[in-house]
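# Structural overview
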Amino acid sequence: MAPRSVIADARDVRRASELIELGARLQVLESETALSRERLLRLYKEIQGRSPPKGMLPFSTDWFITWMPNIHASLFMGIYQNVIQASELDEIDAIIKTYRLYLEQCTVTGQEIVLSLTRAWRLVKFVDAGMLRTVRCTKCTGQFVAHTHDLIEGYVCGLCHMPSRAGKTRAAAKEALANDDMPLTLRRVH
Amino acid sequence: MKNSHLLDEIREANMTYLILAQRMIRDDRDEALYRLGVSEQVAEILADLTPGQMMKIATTNTLVCRFRFDDQMIWNLLTSHTKDIAAQSVAGVHAAILMSTHMAEAA
């Protein structure tokens, strides 16, 4: 095997560190960098001060369609489309940049951080794979995340047409959030 | 002259905008493109401006930056007042989604 480029290695370490700081799961790191599992584990422990969580990644596209997650996923995709259009970043770097901007937007509008970095990464992969896409709301003209094969004739987004119980499950949401793969530093304390 | 005060204020606003824009582009170009809503070419020009050039651009009777959205819906979302903090916050996110959509389409 040819020796790995030192520059590529440095880039991978930088990417992995940024991803770990933002709360990425190990699977994301393994798929986006060429670093060995041992090195990633060491890096993870050094940055987060604990072992990475085990278990499978969330794999359902349905989560992105439920009310609150859909709003956040659509916001993320909106920013992502701008970032990727404007510059020649690699996909993973664009995801990192977009995620930072998304966190910022949540802070200024006083929203809980619903989308973890791992979810955001999954979202981009789902869109790449053609399982999810964005559709235009016929009322507000914004782009929202939807299943690729859903009927979109006369689509109206969850914000123009609020479900009656939307946002009424604060307590439940908080609990679900606590179980999510969010790093402690990113969780909002109430 | 009645307008000299106004012209001073316009120059100051322009100067502040140009300095901020340049700093943002130099700090993190990709992020700045999103925040400023300018093209890569414009960003390159802004990044290379000298203080003297900025002064020249700023000294005029018009503002160099303008509103990024003319959509009635976005204005309504951003200006709506409600006692419900949750609804207010959701309106903010809605506006952000619309703005990012329009930006991506304009590019």
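Presented here is an overview of the structure given in this document. (Residues numbered from 1 in each chain as written. Chains lettered and ligands numbered in written order. Predicted model: local features only at pLDDT ≥ 70, side-chain atom pairs only at ≥ 80, totals over all residues. Heavy atoms only, no water.)

Turning to the pattern of salt bridges, a few remarks are in order. Per the stated rule, a full pass over the model turns up 17 salt bridges over all chains. In this structure, the salt-bridge partner of A:Glu32 is A:Lys125, at a minimum N-O distance of 3.2 Å. Taken together, the residues A:Glu32 in helix H2 (residues 26–32) and A:Lys125 in helix H6 (residues 117–128) connect sequence positions 93 residues apart. The exposure class assigned to A:Glu32 is buried, which follows from its relative accessible area of 16%. Residue B:Arg29 is joined to B:Glu40 by a salt bridge in which the shortest nitrogen-to-oxygen separation is 3.0 Å. Placement of the pair is B:Arg29 in helix H2 (residues 29–36) and B:Glu40 in helix H3 (residues 40–48), with a sequence separation of 11 residues. The structure contains a network of salt bridges with shared partners spanning A:Arg14, A:Arg15, A:Glu18, A:Asp90, A:Asp93 and A:Arg100. (Salt bridge = Lys/Arg side-chain N within 4 Å of Asp/Glu carboxyl O. Helix = DSSP H or I, 4+ residues; strand = E, 2+ residues; numbered from the N terminus. Buried < 20%, exposed > 50% of the residue type's maximum accessible area, 1.4 Å probe, protein only.)

Here the focus is the packing of helix H1 (residues 4–27) of chain B against H3(B). All names here are of chain B. Between H1 and H3, whose axes approach to 9 Å, the crossing angle comes to 105 degrees. Between H1 and H3, the crossing angle belongs to the class labelled roughly perpendicular. Side by side, H1 and H3 meet where Leu18, Ala21, Gln22, Ile25 and Arg26 of the first sit next to Ala43, Leu46, Ala47 and Asp48 of the second. For the contact of H1 with H3, the residue count by class is six nonpolar, one polar and two charged. (Axes fitted to C-alpha atoms, helices over the stretch in contact; angles between N-to-C directions. Parallel < 35°, antiparallel > 145°, perpendicular 65-115°, else oblique. Contact = heavy atoms within 4.5 Å. Nonpolar A, V, L, I, M, F, W, Y, C, P; charged D, E, K, R; others polar.)

Take the interface of chain A and chain B next. Every contact between the two is made by 29 residues of chain A and, on the other side, 24 residues of chain B. Counting the contacts that link chain A with chain B gives four salt bridges. In this structure, the salt-bridge partner of B:Asp30 is A:Lys97, at a minimum N-O distance of 4.0 Å. Run the count over chain A and chain B and you get 12 residue pairs in polar contact (both at pLDDT 80 or more). (Polar contact = N/O pair within 3.5 Å; in protein donor to acceptor, adjacent residues only side chain to side chain.)

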